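Read off the chains here:
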Number of protein chains: 2
Amino acid sequence: MTATLQRRPAAGNKLDHILSCATRIFCEKGYEGASIRDLSRRSGVSLAGLYYYFESKEELLYLIQKHCFTTLLARLEEELGSAPRDPEARLRLLIRNHLGYFLQNPEAMKVLAHEADSLTPPYARQVADIKRSYYRICRSILDDLKRQRKLRRLNTRLAVMSLYGMMNWIYTWYKPRLDPDADALADHMSDLFLGGILAGASGSARWPRSRNGRRRALAA
Amino acid sequence: MTATLQRRPAAGNKLDHILSCATRIFCEKGYEGASIRDLSRRSGVSLAGLYYYFESKEELLYLIQKHCFTTLLARLEEELGSAPRDPEARLRLLIRNHLGYFLQNPEAMKVLAHEADSLTPPYARQVADIKRSYYRICRSILDDLKRQRKLRRLNTRLAVMSLYGMMNWIYTWYKPRLDPDADALADHMSDLFLGGILAGASGSARWPRSRNGRRRALAA
DNA sequence: GTTGGGATAGAACGAACGTTCGATAGCCTG
DNA sequence: CAGGCTATCGAACGTTCGTTCTATCCCAAC
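These numbers come from a predicted model, not from an experiment. (Residues numbered from 1 in each chain as written. Chains lettered and ligands numbered in written order. Predicted model: local features only at pLDDT ≥ 70, side-chain atom pairs only at ≥ 80, totals over all residues. Heavy atoms only, no water.)

### Side note on helix 3 (residues 36-43) of chain A
Here is the rule we go by: Each residue gets one of three labels from its accessible area relative to the maximum for its type: buried under 20%, exposed over 50%, partly exposed in between, using a 1.4 Å probe on protein chains only. Here a helix means four or more residues in a row that DSSP labels H or I, a strand means two or more in a row labelled E, and each is numbered from the N terminus.
Here helix 3 of chain A has its buried residues at I36(A), D38(A), L39(A), S40(A) and S43(A). Of the residues one or two after helix 3 of chain A, G44(A) is the one with positive phi, at around 80°.

Spelled out as structure tokens, the structure:
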């Protein structure tokens, strides 16, 4: 269950190669649909030889997810450390960081987003912990923004989830030759999200709601 | 490849039962991870008996996806038929329709969103056609809105994808006891999205963009 | 030059997979 | 009651799966 990375110091390069092949295969065929034999063919390592580097197929997915989320989180924390205190600026930075990493590693991105609950408890917990940290940073920025701008009616949980939905769904439609690059996309989504948060969720609604009378509770 | 539904007129009930069991199983274990033996156990039909009702596991997924997307699209077209011409109202209606159906059929929703490209060409094409119709309705509403409000800088493709991302990601986080119901959620996302579109994408930017100077093209 | 362990692979294991075969009920029609 | 059609099943087929067993190779240390 512990990371294979530490066990065999000299083997880092080859494990990295295997992990990158595995990422590509999981991306193409999904975790369940991918086979160790696929990985053997793609990586050039024999079927049995692979098991020198990891203990099971599931550990493979775990190592990929853990590495990516850890990197994503570390980059964000580093950037936020030397960033202004203004919540809007920090949120823009988070979005930029997220999309920057995702569009730079599109295959890993799909594996993170698509195989989010393919891991079983022993592995799943550790990944979930990192994800929770990442999620909480966004939520606390939004709580700050809510206080600063007095957005009484803002449900920050819904807002966070909506934002992550926008961002994580990208792997299903993004075409590098057709769509804007990561920075432009980050600006687009930042504007969309912040515009919506700041315009719609403050005091009175600026735009009419649904035409029928079913106005349920919107507040947090 | 043609729908099994028409071949055996009297068998509708049992096929429906099988499809609903299959939906639940695909939802729980994913398409690849689910086995026909799981379906046999859950539905109470013998392994061989199942194949009287469909031709392959893939046709099963196809039947589920086709039925759901067709229903979703039909409902939307019916509602839009007797709706006002105002693009904003029509967009709110689309969001309400989408979330209403999704939260009423959460297992099917996950199968639609998560197994979006588990089908291979013969089946995949037919589902893709229906999805394209559905997507185009949203896009044309947004094009109308863009014209009406003179939103020169709005990239409607990105906007549509962002909106669908927000909505389709719900299956990963929605908790019925914790989160607002479908109508309230639809209002929330409508406000967020419309607020963002109308505030951020018109003439000059109302809020500052990223702190560094990399201001790439945001326009369509 | 022997030795010992890290690194590798061929072959096999048992289990599970999607699918099919052949048989058997039940039932309507003639 | 004979014949055919619908609906169903137990058993099996051939394949692929994740994983492991065992043997080998290479190279540094003694």
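From this point on, the discussion continues.
### Examining the confidence of the model for chain A
Note the threshold: A score from 0 to 100, pLDDT tells how confident the predictor is in each residue. The contact rule is simple, with two residues in contact once any of their heavy atoms fall within 4.5 Å.
Averaged over every residue, the pLDDT of chain A is 89; residues scoring 70 or more account for 85%. Here residues 1-10 of chain A scores under 50 on pLDDT; set against residues more than four positions off or in separate chains, the count is 19 contacts.

### Focus on the protein's contact with DNA strand D
Quick reminder of the rule: To be near a molecule or strand, a residue needs just one of its heavy atoms within 4 Å of it. For this analysis, a polar contact is any N or O atom pair within 3.5 Å, provided that within protein one partner can donate a hydrogen and the other can accept it, and provided that sequence-adjacent residues contribute only side-chain to side-chain pairs. Amino acids outside the nonpolar list (Ala, Val, Leu, Ile, Met, Phe, Trp, Tyr, Cys, Pro) and the charged list (Asp, Glu, Lys, Arg) are all regarded as polar, and Gly is one of them.
In the region of DNA strand D, 18 residues are neighbours, and Y51(A), K14(B), A48(B), Y52(B) and Y53(B) sit closest. The share of sugar and phosphate among atoms of DNA strand D within 4 Å of the protein is 53%. Residue A34(A) places a main-chain N or O atom 3.1 Å away from a phosphate oxygen belonging to DNA strand D. R37(A) places a side-chain nitrogen or oxygen 2.7 Å from a base nitrogen of DNA strand D. Among the elements of the structure, helix 3 and helix 4 (47-50) of chain A together with helix 4 (47-50) of chain B are those that each provide at least two residues to the surface near DNA strand D. Here the surface near DNA strand D is composed, by residue class, of nine nonpolar, four polar and five charged.

### With respect to the environment of D143(B)
Structurally, D143(B) is set in helix 8 (residues 121-149). Note on D143(B): relative accessible area 25%, which makes it partly exposed.

### Things to note about the layout of surface pockets
Condition: Of the grid points, spaced at 1 Å and generated over the protein atoms alone, those admitting a 1.4 Å probe that cannot get out make up cavities, while open sets with protein on both sides within 12 Å along at least five of seven lines make up pockets; any residue with an atom within 4 Å of a point is treated as lining. Grid points are joined across faces, edges and corners, and a volume is the space filled by probe spheres set on the points.
Roughly 1000 Å³ of internal volume is contained in the largest pocket. Looking at the largest pocket, it is lined by 40 residues, and the ones nearest its centre are T172(A), W173(A), A116(B), K131(B) and M161(B). Mapped onto the lining of the largest pocket, the elements with two or more residues apiece are helix 7 (106-114) of chain A together with helix 5 (57-81), helix 6 (87-104), helix 7 (106-114), helix 8 and helix 9 (156-168) of chain B. Sort the elements by how many residues they give to the lining of the largest pocket and helix 8 of chain B lands first, with eight residues. In the lining of the largest pocket, the residues fall into 26 nonpolar, six polar and eight charged. Looking at the second largest pocket, its volume works out to about 910 Å³. Of all the elements in the fold, those that place two or more residues in the lining of the second largest pocket are helix 5 (57-81), helix 6 (87-104), helix 7, helix 8 (121-149) and helix 9 (156-168) of chain A together with helix 7 of chain B. A total of eight residues in the lining of the second largest pocket trace back to one element, the largest contributor, which is helix 8 of chain A. Split into classes, the residues belonging to the lining of the second largest pocket amount to 17 nonpolar, six polar and seven charged.

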